[in-house]
Amino acid sequence: MIKRTVEISTGPTYLSIKDDQLVLTREREVVATIPCEDIGVVIVDHPAVTYTHALLTTLARFGAVLIVCGQDHHPAALVYPIEGNALHTERLRLQVESTRPCGKRIWRQLVQAKIHAQAKIISPNDPAHRKLLALARSVRSGDPSNVEAHAAKVYWKALFAEDAILGSASDRSASPLTKGGPLGGRFHRDPEGPPPNNLLNYGYMALRAAVARAICTAGLHPSIGFHHRNRYNAFCLADDLVEPLRPLVDARVRDLVARGKTEVDREAKESLLGVLTETVVTAAESGPLMVGLSRMMASLVRVLEGGERKLEIPVSCN
């Protein structure tokens, strides 16, 4: 079943639980009820939202993730279930005891998949497309040469180049490039930088939460990664596995910019959250990304167990 993403940002709301359903109340009137078993992610992006304790525990019981955003619309907290699978202890042991060569092999596959996904949304007529494919072929186990970073320089320059933006615009007069807008064909990826970094931040936030949820549901722990190992990062594994999926967000952000959208408004949020239900192919099976993530985590478990060597990674159908 496709899990729903619930985003709350339009006004003061009281969130509570009744009969295992999420109840949204505004001005003492119930405006919506949603079965918790249908929910995958809840995003709260308004300072006047209040919660009951039962809400938090019930969402965790059904495997849902709660994201709390700050005034800058960036995630300030992420609440996820500690135990989402009966085999949690066994899966945790697999992660802890996984060998370094296994982790390096997985990271190589993730980097290659990421670069291939980046190339897929760059025009085949653009020299950057061919360069990205060549870089993907050069990735070695563990990516010791940091090909990922070299590919990023090529990719960002091409993704938001003037021709790429105008090529995505149905109405060229709406593009900020044709108005001398904020991009001007020169983009630098910086989470604290000017638009469309804000759009990328929001999309990545939702994607990271969905990955973290899938990790927990599979009985894995999101903090034990293969490449990301920051001692202060509780989501190292999520940050590893989200890498090849980022271009799904990038493509939508480019389309938003082409339509003159550079702010995180209601329309932008709707488009970016739509990534979670975008159709992808995972091991020759198509379906929504949220389902593809579950297949990806099941594949990761098989790799850690030694039954398989290749990780199944969702690929966009678009």
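What counts, and where the lines are drawn
- Residues numbered from 1 in each chain as written.
- Predicted model: local features only at pLDDT ≥ 70, side-chain atom pairs only at ≥ 80, totals over all residues.
- Heavy atoms only, no water.
- Pairing = 2+ DSSP bridges.
- Helix = DSSP H or I, 4+ residues; strand = E, 2+ residues; numbered from the N terminus.
- Axes fitted to C-alpha atoms, helices over the stretch in contact; angles between N-to-C directions.
- Buried < 20%, exposed > 50% of the residue type's maximum accessible area, 1.4 Å probe, protein only.
- Contact = heavy atoms within 4.5 Å.
- Polar contact = N/O pair within 3.5 Å; in protein donor to acceptor, adjacent residues only side chain to side chain.
- pLDDT = per-residue confidence, 0-100.
- Phe/Tyr/Trp six-rings, centres within 6.5 Å; stacked < 30°, edge-to-face > 60°.
- Lys NZ or Arg CZ within 6 Å of the ring centre and 35° of its normal.

A. The arrangement of the sheet that holds strand S3 (residues 21-26) in detail. Strand order in the open sheet formed by four strands is S4-S3-S2-S6, and the pairing between neighbours is mixed. Each of the sheet's edge strands pairs with one partner strand only, and the pair in question is strand S4 (29-35) and strand S6 (49-51). Taking each pair of neighbouring strands and ignoring which way they run, the sheet shows an average axis angle of 25°.

B. Local environment of the environment of Val 6. Position of Val 6 among the secondary structure elements: in strand S1 (residues 4-8). Using a relative accessible area of 7% as the deciding quantity, one classes Val 6 as buried. As for Val 6 and Ser 98, which are separated by 92 residues in sequence, their C-alpha atoms are 35 Å apart. Excluding its chain neighbours within four sequence positions, the residues that come into contact with Val 6 are Ile 34, Ile 39, Val 41, Val 42 and Ile 43.

C. Structural detail: the side chain of Glu 278. Along the chain, Glu 278 turns up in the loop between helix H10 (266-273) and strand S9 (279-282). Of the polar contacts made by the side chain of Glu 278, one reaches the side chain of Ser 316; its length is 3.0 Å. With near-sequence residues (within four places) excluded, Glu 278 lies in contact with Leu 248, Arg 252, Gly 287, Pro 288, Leu 289, Ser 316 and Asn 318.

D. Representation of unusual backbone geometry in the model. Here the bond from Pro 195 into Pro 196 is cis, since omega is 10°, no more than 30 degrees from zero. Here Pro 196 lies in the loop between helix H6 (162-168) and helix H7 (197-217). Of note, Asp 143 is a non-glycine position whose phi angle comes to about 50°, a positive value. One non-glycine residue with positive phi stands out, namely Ala 283, at about 55°. Relative to the assigned elements, Ala 283 resides in the loop between S9 and strand S10 (285-288).

E. Local environment of the confidence of the model for the chain. On average, residues of the chain score 89 in pLDDT, and 91% of them are at 70 or above. Mean pLDDT values over the elements of the chain span from 69, in H6, up to 98, in helix H4 (residues 127-137). Ignoring residues within four places in sequence, the model shows residues 177-182, a span with pLDDT below 50, making 14 contacts including any to other chains.

F. Spotlight on the side chain of Asp 45. One can find Asp 45 in the loop between strand S5 (39-44) and S6. At a separation of 3.0 Å, a polar atom in the side chain of Asp 45 contacts the side chain of Lys 269. Excluding its chain neighbours within four sequence positions, the residues that come into contact with Asp 45 are Glu 7, Ile 8, Ser 9, Cys 69, Gly 70, His 73, Tyr 202 and Lys 269.

G. Layout of the packing of aromatic side chains. What the rule picks out here adds up to four aromatic pairs. Ring centres of Tyr 155 and Trp 156 lie 5.1 Å apart, and the angle between their planes is 55°; this geometry places the pair in the tilted category. Taken as a pair, Tyr 155 and Trp 156 share a single burial class, namely buried. With centroids separated by 6.3 Å and ring planes inclined at 5°, the aromatic side chains of Trp 156 and Phe 160 adopt a geometry described as stacked. Neither residue differs from the other here; Trp 156 and Phe 160 are each classed as buried. Grouping aromatic residues by their ring pairs yields a cluster made of Tyr 155, Trp 156, Phe 160 and Phe 187. Geometry around Tyr 204 places Arg 246 over its ring, the cationic atom sitting 4.5 Å from the centre.

H. Region of interest: the environment of Val 68. Mapped onto the elements of the fold, Val 68 is located in strand S7 (residues 65-69). The exposure class of Val 68 is partly exposed, given its relative accessible area of 24%. With 25 residues separating them in the primary sequence, Val 68 and Ile 43 have C-alpha atoms 6.2 Å apart.

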